[in-house]
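So the chains spell out like this:
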Amino acid sequence: LRGNALYEALINGNKLKLKENLKNELGRIREVVYGPDGYLYATTSNRDGRGEPGEGDDKIVRINIEKL
């Protein structure tokens, strides 16, 4: 439960490369879904009793995949 990046799998033939996106920008990313509008939606969880949560923690984030 320490995921703080969104990983993208780049597949070329039989080769796989993982690309990190948004590393350390959103906090701990919990769930990511692809919306019908073409955006990704991610939830974050930073208020679980560990660390010091900030005012903007625990949110739903809309991500434009073309800008990753």
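Reference entry: report on the structure contained in this document. Bear in mind the structure is a predicted one, so any value in this text is a computation, not a measurement. (Residues numbered from 1 in each chain as written. Predicted model: local features only at pLDDT ≥ 70, side-chain atom pairs only at ≥ 80, totals over all residues. Heavy atoms only, no water.)

All right, on to the packing of aromatic side chains then. Any pair of aromatic rings gets described here by the distance separating the centres and the angle formed by the planes. Tallied over the full model, the rule gives zero aromatic pairs. Over the ring of tyrosine 39 we find arginine 62, and its NZ or CZ is 3.6 Å from the ring centre. (Phe/Tyr/Trp six-rings, centres within 6.5 Å; stacked < 30°, edge-to-face > 60°. Lys NZ or Arg CZ within 6 Å of the ring centre and 35° of its normal.)

Here we take up the pattern of salt bridges. Any two side chains of opposite charge can pair, given that their charged atoms come close. Considering all chains together, one arrives at three salt bridges under this definition. With a shortest N-O distance of 4.0 Å, glutamate 8 and lysine 19 are connected by a salt bridge. Remark: lysine 19 occurs in strand 2 (residues 15-21) and glutamate 8 occurs in strand 1 (residues 6-12); sequence separation between them is 11 residues. Classification of glutamate 8 by relative accessible area gives partly exposed; the value is 30%. With a relative accessible area of 31%, lysine 19 lands in the partly exposed category. The salt bridge partner of lysine 23 is glutamate 20, with a shortest N-O separation of 3.5 Å. The class for lysine 23 is partly exposed, based on a relative accessible area of 39%. (Salt bridge = Lys/Arg side-chain N within 4 Å of Asp/Glu carboxyl O. Helix = DSSP H or I, 4+ residues; strand = E, 2+ residues; numbered from the N terminus. Buried < 20%, exposed > 50% of the residue type's maximum accessible area, 1.4 Å probe, protein only.)

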